[in-house]
Amino acid sequence: MVLIHHGKGLPYKPEMLGNWFKDQCKAAGLPHCSLHGIRKGQATRIVNKGGSPDEVMAYLAHKTNAEGITYTKKADRGRLADSGLSRLTDAPVVQPIGKVGPSTPKNGGNST
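Residues numbered from 1 in each chain as written. Predicted model: local features only at pLDDT ≥ 70, side-chain atom pairs only at ≥ 80, totals over all residues. Heavy atoms only, no water.

**Student:** Just to check I follow, could you spell out the layout of surface pockets for this structure?
**Tutor:** Where empty space is left becomes clear once a probe the size of a water molecule has been rolled over the atoms. One number sums up the size of the largest pocket: a volume of about 150 Å³. Together, Leu17, Leu35, Ile38, Arg39, Tyr59 and Ala61 line the largest pocket. No other element matches the three residues that helix H2 (residues 35-48) contributes to the lining of the largest pocket. Here the lining of the largest pocket is built from residues that sort into five nonpolar, no polar and one charged. (1 Å grid on protein atoms, 1.4 Å probe; cavity = no way out; pocket = protein on both sides within 12 Å on 5 of 7 lines; lining within 4 Å. Points joined across faces, edges and corners; volume = space filled by probe spheres on them. Helix = DSSP H or I, 4+ residues; strand = E, 2+ residues; numbered from the N terminus. Nonpolar A, V, L, I, M, F, W, Y, C, P; charged D, E, K, R; others polar.)

Right under this line is the structure:
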């Protein structure tokens, strides 16, 4: 367990800690970073490495899986699609390249 307190020895309120962290990120030249962004990124990484909703819930200290379902829904969809397609052992895995549509021009291939 980590206890973080400010200079006066009192605990931070959640919004105050986030604001302090954002200020530190700006001072470090990382204005795009935030405490929430780091938590969100870590939760997404857990899911992308095969983590369960329960693991995300535990990491984020959520009380229900519904609170963390956002992260599992946004998991690496390409990896999940490849994994799902690999289950189809009776058919080759084919990935479309470019647009999917008619292979011949509407004018029948004539340039006139």
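After that view of the structure, there is still more to cover.
**Student:** Would you take a moment to explain the environment of Val56 for this structure?
**Tutor:** You can see Val56 is positioned in helix H3 (residues 53-60). Linking Val56 and Arg45, residues 11 residues apart in sequence, is a C-alpha distance of 9.6 Å. Setting aside anything within four residues of it in sequence, one finds Val56 in contact with Ala43, Ile46, Val47, Gly68 and Tyr71. (Contact = heavy atoms within 4.5 Å.)

**Student:** I tried to follow the packing of H3 against helix H4 (residues 65-73) on my own but got confused; where do I start?
**Tutor:** When two helices pack together, their arrangement is captured by the angle between the axes and the distance separating the axes. Where H3 meets H4, the axes come as close as 9 Å, and the angle between the chain directions of the two elements is 110 degrees. Between H3 and H4, the crossing angle belongs to the class labelled roughly perpendicular. Counted together, Pro53, Asp54, Val56, Met57 and Leu60 of H3 and Asn65, Gly68, Tyr71 and Thr72 of H4 form the full contact between these two elements. Of the residues belonging to the contact of H3 with H4, the class tally is five nonpolar, three polar and one charged. (Axes fitted to C-alpha atoms, helices over the stretch in contact; angles between N-to-C directions. Parallel < 35°, antiparallel > 145°, perpendicular 65-115°, else oblique.)

Function cannot be inferred from these measures alone, as they are strictly geometric.
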